[in-house]
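Each chain, written out:
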Amino acid sequence: MSKVIEIKNLTKCYGELIALDNFSLDVYEGEILGLLGPNGSGKSTTINTVLSLLKYDSGSIKIFNKEMSPTAYDIKSMIGVVFQDVAVFEELSVIENIDYFCGLYIKDKKIRDEYVQDAINLVSLNEFTKFKPKELSGGLLRRLNIACGIAHKPKLIFLDEPTVAVDPQSRNNILEGIKRLNELGATIVYTTHYMEEVEQLCNRIVVMDKGKVIASGTKDELKNMISLGEKITIELKEINEVFIERLKKSDRIINIEIENNIVRISYNTKEDNLSRLIDYVRENNVSYTSLFSERPTLNDVFLELTGKELRD
Ligand SMILES: Nc1ncnc2c1ncn2[C@@H]1O[C@H](COP(=O)(O)OP(=O)(O)OP(=O)(O)O)[C@@H](O)[C@H]1O
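The structure presented is a predicted model; accordingly, all values stated were derived computationally and were not measured.

Reading the values: the criteria
- Residues numbered from 1 in each chain as written.
- Predicted model: local features only at pLDDT ≥ 70, side-chain atom pairs only at ≥ 80, totals over all residues.
- Heavy atoms only, no water.
- Domains from an automatic or database assignment.
- Salt bridge = Lys/Arg side-chain N within 4 Å of Asp/Glu carboxyl O.
- Helix = DSSP H or I, 4+ residues; strand = E, 2+ residues; numbered from the N terminus.
- Buried < 20%, exposed > 50% of the residue type's maximum accessible area, 1.4 Å probe, protein only.
- UniProt positions renumbered as here; feature names shortened; annotations may be inferred.
- Contact = heavy atoms within 4.5 Å.

## With respect to the domain arrangement of the protein chain
And step 1. Taken domain by domain, the protein chain holds domain 1 (3–224) and domain 2 (227–295).
And step 2. For domain 1 and domain 2, the distance between their C-alpha centroids amounts to 43 Å.

Listed below in structure tokens is the structure:
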């Protein structure tokens, strides 16, 4: 697989603060890479340095095998960026906005008309082409922002939290649109605070913290990296201290949380936990109303690796 982005030993300081600390990352053609990290971990700084919007102190950045620089217009024309903040012209309609941004790269009017229409279809703004931005809901506005960023059919797309505060319909539409762009050949770098979107969309995930990569891999690879193997929740008819004390002695169990009659047990292994627990509660006549097992989620991975919740 060829590399679309190659970041080597990137360091970026803001005064005393080291925002990127010898940071290295490769992004491969055709992937949807989820770039995750707690607030302040350096995601935006990474994107801004990669795009040459920010200077850095040391290291190197190659995009499509070429050194990236503020004047590398040939590379820039192959990149689409959708920032978190909506940036469109209030006085232009939906279609005029998309046409303007597309026109920065696509000069041929006939081709541009086609591209603009494709972008409108992708984010389903067909009924709103004549609307001005202030007449659009938050979700529709974000869809317009995306259409403006991708209408020129870039090969590499950066999406920085594109679904923050959007309604479920727009969120689905945006996620479907991103999948479609990827199917059409674009490589995508995606940052979000929503784990379910990462589960749904991303082929590979990079977790960063304090300006460094702390883990990378597929969802399953990341889940296998952590000590948590399985979580079992059992709702007891009444709290049974003897039962809890016996559980605490098991070397398979790494944590027990108790809330009213609900006991949440974290295991360090994936195998045989449920059957053993069921045997145990039967043999000891422990009465319970419900019992279920869960595999670790990406949130568990994130929490164990960074010590922080992804969402604020
Ligand atoms: N212009 C700036 N001047 C000084 N410090 C900055 C500046 N921009 C970012 N930082 C600091 O650099 C670090 C990385 O910030 P960055 O915005 O890249 O993180 P982030 O992962 O994108 O965070 P968030 O999820 O909150 O957007 C943080 O400690 C932040 O406070």
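## Remarks on the pattern of salt bridges
And step 1. Under the counting rule described, the total for this entry stands at 17 salt bridges.
And step 2. Residue K179 is joined to E176 by a salt bridge in which the shortest nitrogen-to-oxygen separation is 3.6 Å. Taken together, the residues K179 and E176, both in helix α6 (residues 168–183) and three residues apart, mark about one turn of the helix.
And step 3. Accessibility expressed as a relative area gives 25% for K179, which makes it partly exposed.
And step 4. K248 is the salt-bridge partner of E245, the closest N and O atoms lying 3.5 Å from each other. Of this pair, E245 and K248 both sit in helix α9 (residues 241–248), separated by three residues, roughly a single helical turn.
And step 5. Among the residues examined, E245 registers a relative accessible area of 39% and is labelled partly exposed.
And step 6. What emerges from the salt-bridge pattern is a single network uniting K3, E6, K8 and D26.

## A few points about the UniProt feature "domain: ABC transporter" (unreviewed entry) in the protein chain
And step 1. As recorded in UniProt, the feature "domain: ABC transporter" (unreviewed entry) lies at residues 5–235.
And step 2. For residues 5–235, the helix share is 34%, the strand share is 29%, and the end-to-end C-alpha distance is 49 Å.

## Focus on the environment of S287
And step 1. As for its position among the elements, S287 is in the loop between α10 (273–283) and β14 (288–294).
And step 2. Relative accessible area serves as the criterion here: at 38%, S287 is assigned to the partly exposed category.
And step 3. On a C-alpha basis, the gap between S287 and A87 in space is 58 Å, while along the polypeptide they are 200 residues apart.
And step 4. In contact with S287, other than residues within four places in its own chain, are L236 and K237.

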